[in-house]
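# Fold and contact review
Each chain, written out:
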Amino acid sequence: MGSLEMKTGPIFSLVLAALMAAGSSVAADKPNILYIMSDDHTAHAIGAYGGRLAALNPTPMLDKLAKEGMLFENAFCTNSICSPSRACVITGQYAHTNGSYDLGGEIGKDQQFLPMEMKKAGYQTAMIGKWHLKKEPAGFDFYSVLPGQGKYHNPEFRVQGEKGWPKDLIKFDGYHSSDAITEIALKWLEEDRKKDQPFFLMHHYKAPHDYFEHAKRYDDYLADVDIPEPENMWLENQPKFGSIATRGYDDELVPHVGTSIGERNPRRSYAGDLPSRFPKDFPKDYDPEKLTDEEVKRISYNAYLKNYLRCVKGIDDNLAKLFAYLEESGEMDNTIIIYTGDQGFMLGEHDYQDKRWMYEESMRMPFIVRYPKSIKAGTRTDAIIENVDYAPTMLAFAGIETPDYMQGKSFKTICETGEEPAAWKKEAYYRYWMHMAHHDNPGHVGIRTKEHKLIYYYGCNYEGGYRTPPAWELYDMKNDPTEINNVYDDPAYADVVPELKQRLADLRTRIGDTGEDYPKAEEVIQEFWDYDGADKAKAIEISTDYKTRREKELRDKVKWIPYGKRPEPMPKK
Ligand code: CA
């Protein structure tokens, strides 16, 4: 026995040493992945995307990131609202597949596919900041997350501990959430992680979500600046924008669809909400009664944008700290750095606030990626990507093929070559289910190509109820990028409409949003699909009914508009 041990021992040790060396070199060859996502940070509030706010220089660090990496001009979310977009990113699946249709959506432990797959690939995984998917982020090795929306000031975080989710909390007194989130990430990177393993860190800021509470040090940022207005801010100047779905018959629903900057929407507007929150940004003797509607709107718009951009600046300054750490640790160039927002945001365009809309400022996400080893600096692409593609792409960079159950596709090749493979998707899908909740946006579904956007406001909740007038809108994105001309009825687009409707129908079938979970809503969708004369007449009736109902709700001070019973989640894998 002794001699046998003498013979096999060293051989076994050599094999083991070889295996270990192979294992660690495989891990060492893999890049770290730092996925940074802010809440409601829209692309047009980033300097590198150009546009009217670029001159204010709100994001020098992000602009540098874009200069050293690649910027996607056509990144889209498939449902422009917090929890659903986050669920799409984590699962690589559309909302109707992962079951997170609206703000009630949650993603359980067994559905946290992205971190689960990363772990399998040898990554150490962490989730820090805003999670907003209700269940414990148990797919990660480490987490420190805000409860729900979390607080801007003196934030608490749910962490791993003895009491168990969601009872273990740590508190950051005297901190702004963006500073606290960065500090937690830096501590994890510096002290807590195992440095012989690549990391996958999801680093999610709460900012600049409403109501835009920034750190005190930004009180004076942009204080004396007149913020440039969007050219499509004044609904009065865009008679061809929207449809009976968004404006009502003969404009009778203009006050009641979409929360406003000025006083247009009597239920909810920044003109109503912001004076008490940000008195320093309103004139000392501010009295809206003595001002014109136009003046009230201009003042409210400025207060809105200043506080939003103060939050944005806070993120950008924190990114400088994060990137400085990676430079110092020598990992900057071996880390794939992605920056995105969970969706876009309306910054006064069409007099709208918030997101939820399929309009460009809301549907488009920022997406910047830096990885000098394989992504050329200073490149841009107009390839269409969707948030369901993010997980497959990050997994591809980690050396993993897209799992069958994910619906998204990897766009790693586009990052590395700047070219779209021949079979790459030509369209993005969109669906918003929270009919008339919170910000008065009707339920809608649609398709975005590089050239056009077709939006179908079917106007009902999950149960086919609380009807608003149905209508279709078509925008020519090449000739009308600010979407002020709905050309659905324009004879020049007579061929485009049926072609896009067919593509939308095909896309719905292909991704499985076929209405089996919400048959009553689907009946409405089918009823107005062709939108013939009878449908148009019925839309007028619904418009007038809705005006009467909404005016009564306003008199009764109804605050909460129910969006119907959500379909049971369809956990699939
Ligand atoms: Ca959001």
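Just so it is clear, the structure is predicted and the values come from calculations on it, not from any experiment.

The rules behind each value
- Residues numbered from 1 in each chain as written.
- Predicted model: local features only at pLDDT ≥ 70, side-chain atom pairs only at ≥ 80, totals over all residues.
- Heavy atoms only, no water.
- Helix = DSSP H or I, 4+ residues; strand = E, 2+ residues; numbered from the N terminus.
- Donors = N, O, S within 2.8 Å, 3.2 Å for Na, K, Ca; no water.
- Tetrahedral: all angles 85-135°; square planar, octahedral: opposite > 155°, others 65-115°.
- Buried < 20%, exposed > 50% of the residue type's maximum accessible area, 1.4 Å probe, protein only.
- Arc of directions from axis to C-beta.
- Contact = heavy atoms within 4.5 Å.
- Salt bridge = Lys/Arg side-chain N within 4 Å of Asp/Glu carboxyl O.
- Pairing = 2+ DSSP bridges.
- Axes fitted to C-alpha atoms, helices over the stretch in contact; angles between N-to-C directions.
- Lys, Arg positive; Asp, Glu negative; His and termini not counted.
- Polar contact = N/O pair within 3.5 Å; in protein donor to acceptor, adjacent residues only side chain to side chain.
- Domains from an automatic or database assignment.
- Buried area = accessible area lost by both parts, 1.4 Å probe.

Residue proline 208 is reached from alanine 207 by a cis peptide bond, and omega for that bond is -5°. Inspection of the secondary structure assignment puts proline 208 in the loop between strand S7 (199-204) and helix H7 (244-247). Geometrically, the link from aspartate 210 to tyrosine 211 is a cis peptide bond, its omega value of 5° lying close to zero.

Bringing the coordination of the calcium ion into the picture now. At this site the calcium ion is bound by Asp39 (OD), Asp40 (OD), Cys82 (SG), Asp342 (OD), Asp342 (OD) and Gln343 (OE1), with donor distances of 2.2 to 2.6 Å. Around the calcium ion sit six donor atoms, and with donor-metal-donor angles ranging over 53 to 165° the site reads as irregular. Each donor residue of the calcium ion belongs to the same chain, with the gaps between them written as D-D-x41-C-x259-D-Q. One end of the pair, aspartate 40, is in the loop between strand S1 (32-38) and helix H2 (60-67); the other, cysteine 82, is in helix H3 (residues 82-91), and 42 residues separate them in sequence. A residue is classified by how much of its surface remains accessible, and aspartate 40, at 0% relative accessible area, is buried.

What follows is about helix H14 (residues 519-527). Residues of H14 that are buried: Ala521, Glu522, Val524 and Ile525. Projected down its long axis, H14 shows its buried positions confined to an angular sector of 155°, all on one face. For H14, the elements touching its buried residues are strand S12 (427-432), strand S14 (452-457) and helix H13 (496-511).

With that out of the way, let us pick up the pattern of salt bridges. With the rule as written, the count across this model stands at 48 salt bridges. Between glutamate 68 and lysine 64 there is a salt bridge, with the nearest N and O atoms lying 3.1 Å from each other. Lysine 64 gets classed as partly exposed once you look at its relative accessible area, which sits at 40%. Its salt-bridge partner being aspartate 382, residue lysine 450 comes within 3.1 Å of it at the nearest N-O pair.

Its place among the elements puts serine 80 in the loop between strand S2 (70-76) and H3. Among all residues touching serine 80, those that are not within four sequence positions of it are Gln343, Gly344, Lys355, Arg356, Trp357, Ser362 and Tyr430.

What follows deals with the sheet that holds strand S13 (residues 444-449). If you walk across this open sheet you meet the four strands as S12-S13-S14-S15, and the pairing is antiparallel. Edge positions in the sheet fall to S12 and strand S15 (471-476), since each of these pairs with one other strand and no more. Across the sheet, the mean angle separating the axes of adjacent strands is 10° when strand polarity is ignored. Relative to S14, S13 is paired through five bridges, and the arrangement is antiparallel. The residue bridging glycine 446 from the neighbouring strand is isoleucine 455, located in S14.

Right, let's talk about the side chain of glutamate 252 for a bit. With respect to the helices, strands and loops of the structure, glutamate 252 is situated in the loop between H7 and helix H8 (270-277). Nearest to the buried, unbridged glutamate 252 among oppositely charged side chains is lysine 547, at 5.0 Å. A polar contact is formed between the side chain of glutamate 252 and the side chain of threonine 544, at a distance of 3.2 Å. Ignoring any residue separated from it by four or fewer positions in sequence, one finds glutamate 252 in contact with Arg247, Ser543, Thr544 and Lys547.

Right, let's get into the domain arrangement of the chain. Its domain assignment divides the chain into domain 1 (36-68 + 78-215 + 308-422) and domain 2 (429-556). The C-alpha-based centres of domain 1 and domain 2 are spaced at 30 Å. Taken together, the contact pairs 29 residues of domain 1 with 33 residues of domain 2. Both sides of the domain 1 and domain 2 interface together cover about 2,600 Å² of buried area, and 56% of this is carbon and sulfur. Considering only the side of domain 1, the residues that lose the most area to domain 2 are His96, Arg356 and Met358, jointly responsible for 29% of the buried surface there. Run the count over domain 1 and domain 2 and you get four salt bridges. Residues lysine 450 and glutamate 420 are paired through a salt bridge, measuring 2.5 Å at the closest nitrogen-oxygen approach. Scanning the region where domain 1 abuts domain 2 turns up 23 residue pairs in polar contact (both at pLDDT 80 or more). Elements with a contribution of two residues or more to the side of domain 1 that touches domain 2: helix H4 (95-98), helix H10 (360-363) and strand S11 (379-386). Counting residues per element, the side of domain 1 that touches domain 2 draws most heavily on S11, at four residues.

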